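As a plain string of letters, each chain reads:
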Amino acid sequence: MKGNIAAIVLVVLGVFFLLTNLGLISISLRELLRVWWPVALIAVGVALFFTPGSKKDK
């Protein structure tokens, strides 16, 4: 599952940069990151919550 999420993120970033370079969207990456950077923290927290950890049996 971890590899799938990384692949999806790369595809979305690639599409974003392609659309920006083609002039189809005009969104500043700096503005986007300035406003939405907390979403990255939330996503990492959710991913860590749902990632099965190594549970030791006692």
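For the structure, see preceding data.
Here is a short report on the structure shown in this document. (Residues numbered from 1 in each chain as written. Predicted model: local features only at pLDDT ≥ 70, side-chain atom pairs only at ≥ 80, totals over all residues. Heavy atoms only, no water.)

1. A word on the packing of aromatic side chains
Note on aromatic pairs: each is described by the distance of the centres and the angle between the planes. Condition: Each pair of aromatic rings taken from Phe, Tyr and Trp, with Trp reduced to its six-membered ring, is defined by centres within 6.5 Å and is described as stacked if the planes are under 30 degrees apart, edge-to-face if over 60, and tilted in the remaining cases. Exposure categories follow from relative accessible area, calculated using a 1.4 Å probe and restricted to protein chains: below 20% of the type maximum is buried, above 50% is exposed, and the middle band is partly exposed.
For the coordinates displayed, the defined rule picks out 2 aromatic pairs. Ring plane angle 65° and centroid distance 5.5 Å describe the contact between F16 and F17, whose orientation is recorded as edge-to-face. F16 gets classed as buried once you look at its relative accessible area, which sits at 15%. Residue classification places F17 among the partly exposed residues on the basis of a relative accessible area of 38%. Considering the side-chain rings of F49 and F50, the 5.1 Å spacing of their centres and the 80° angle between planes classify their relative orientation as edge-to-face. There is no split in this pair, since F49 and F50 are both exposed.

2. Here we look at a nonpolar patch on the surface
Basically, it comes down to this: To count toward a patch, a residue needs a relative accessible area over 30% and no salt bridge; like charges are then connected within 9 Å, while nonpolar side chains (Val, Leu, Ile, Met, Phe, Trp, Tyr) are connected within 5 Å. Only the protein chains shown count as cover for residues, and the accessible areas themselves come from Shrake-Rupley with a 1.4 Å probe. Salt bridges are defined as contacts in which a side-chain nitrogen from Lys or Arg sits within 4 Å of a carboxyl oxygen from Asp or Glu. Here a strand is any run of E in DSSP of at least two residues, a helix any run of H or I of at least four, and the numbering for each starts at the N terminus.
Together, I5, V9, L13, F17, I27, L29, L32, L33, V35, W36 and V39 give the surface a local cluster of nonpolar side chains, amounting to about 960 Å² of exposed area. Those elements that place two or more of their residues in the nonpolar patch are helix 1 (2-21) and helix 2 (29-50). Ranked by the residues each element gives to the nonpolar patch, the list is headed by helix 2, at 6 residues. Following the sequence through the fold, F17 ends up in helix 1.

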